[in-house]
Amino acid sequence: MGAFTPLAEQTGTSQFDDDHPGARFLADHALQLEVCRGLLALADGLPKTADHNLTQRLLEIFNAAWLGHVRFQDEVICPLLKRRHGGGQWECAALFDRQHSEIRFANDELVETLRVAVSSGAASDTLAYLLRHVSERRRDHIEAEHVLLLPVLREALAPIERKTYLEWAAANPLPFAGLALDS
Ligand SMILES: [Fe+2]
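None of these values were measured; they are calculated from a predicted model.

The rules behind the values
Residues numbered from 1 in each chain as written. Predicted model: local features only at pLDDT ≥ 70, side-chain atom pairs only at ≥ 80, totals over all residues. Core = buried A, V, L, I, M, F, W, Y, C linked by C-beta atoms within 7 Å. Buried ≥ 20, exposed ≤ 12 C-beta atoms within 10 Å, placed from the backbone. Helix = DSSP H or I, 4+ residues; strand = E, 2+ residues; numbered from the N terminus. Axes fitted to C-alpha atoms, helices over the stretch in contact; angles between N-to-C directions. Parallel < 35°, antiparallel > 145°, perpendicular 65-115°, else oblique. Left-handed = near helix turned anticlockwise from the far one by under 90°. Contact = placed C-beta atoms within 7 Å. Nonpolar A, V, L, I, M, F, W, Y, C, P; charged D, E, K, R; others polar. pLDDT = per-residue confidence, 0-100.

## Re the nonpolar core
If you look at the biggest cluster of nonpolar residues, it comprises 28 residues, and the most contacted ones within it are Val35, Leu39, Ile77 and Leu131. When contributions to this core are tallied by element, the ones reaching two or more residues are helix H2 (21-45), helix H3 (52-85), helix H4 (92-120) and helix H5 (125-153). The element that contributes the greatest number of residues to this core is H2, accounting for 10 residues.

In structure tokens:
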């Protein structure tokens, strides 16, 4: 998707101040892309050189990171967008909701397969397929949101919207902020 700005460019040039939901939007996207990168790195090492440390870290973070993404979208981004464009006009919301559910199912299947691989000490062909599939689904979703939602987030934010967001953010800190899986 050509309009998508790579992660390295996003992180150094955020156009939002820290109190704007757009900053959280970009930080969350950076987190999700880092998870995708970890999934692909693990797949690349299979079947003979499975990275057990990376496997354990991914088991710890990748579902929790996704749940944090969905909560942020449901509780902050969607209400904000619906105020801008009206509930009936926001056609992307249903698509993104459906993708959130589909990716959650794929995540659960991958977690189960990863746990079997860890307990048995053997990676299956299914595991490599699922790692790439889940990574691609999550990345495609993030890239689509980046292209479709970021322009709306650049629109002016009312003081009450900023206040509401800050209260939400105080109660819901970004999980795994600044995560780097190879560090
Ligand atoms: Fe999403």
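There's more to say after this.
## Concerning the packing of H3 against H4
Contact geometry for H3 and H4: axes closest at 10 Å, N-to-C directions at 165°. As summarised for this structure, H3 and H4 are arranged roughly antiparallel, according to the angle between their axes. For the element pair H3 and H4, the recorded crossing hand is left-handed. Across from Thr55, Leu59, Phe62, Asn63, Trp66, Val70, Gln73 and Cys78 in H3, the residues of H4 making contact are Ala93, Phe96, His100, Ile103, Arg104, Asn107, Val111, Leu114 and Val118. Split into classes, the residues belonging to the contact of H3 with H4 amount to 11 nonpolar, 5 polar and 1 charged.

## Here we look at the environment of histidine 69
Turning to its location among the elements, histidine 69 is positioned in helix H3. Residue class for histidine 69 comes out buried when judged on the 25 C-beta atoms lying within 10 Å of it. Sequence-wise, histidine 69 and histidine 29 are 40 residues apart; in three dimensions their C-alpha atoms are separated by 8.3 Å. Aside from chain neighbours lying at most four places away, what touches histidine 69 is Asp28 and Gln32.

## A word on the packing of H4 against H5
In the contact formed by H4 and H5, the axes pass within 9 Å of each other and the chain directions differ by 155°. In this view, H4 runs roughly antiparallel relative to H5, as classed from their interaxial angle. Judged by the twist between their axes, the crossing of H4 over H5 is left-handed. Packed against H4, whose contacting residues are Cys92, Phe96, Gln99, Ile103, Ala106, Asn107, Glu109, Leu110, Thr113, Leu114 and Ala117, the element H5 presents Thr126, Leu127, Leu130, Leu131, His133, Val134, Arg137, Arg138, His141, Glu145 and Leu148 at the interface. Here the contact of H4 with H5 is built from residues that sort into 12 nonpolar, 6 polar and 4 charged.

## Focus on the confidence of the model for the protein
The predicted model of the protein has a mean per-residue pLDDT of 83, with 86% of residues at 70 or higher. Per-residue pLDDT, averaged within each element of the protein, yields its smallest value for helix H1 (residues 7-12) (46) and its largest for helix H6 (residues 159-171) (93). Contacts for the low-pLDDT stretch residues 1-12, under 50 throughout, to residues beyond four places or in other chains number 12 contacts.

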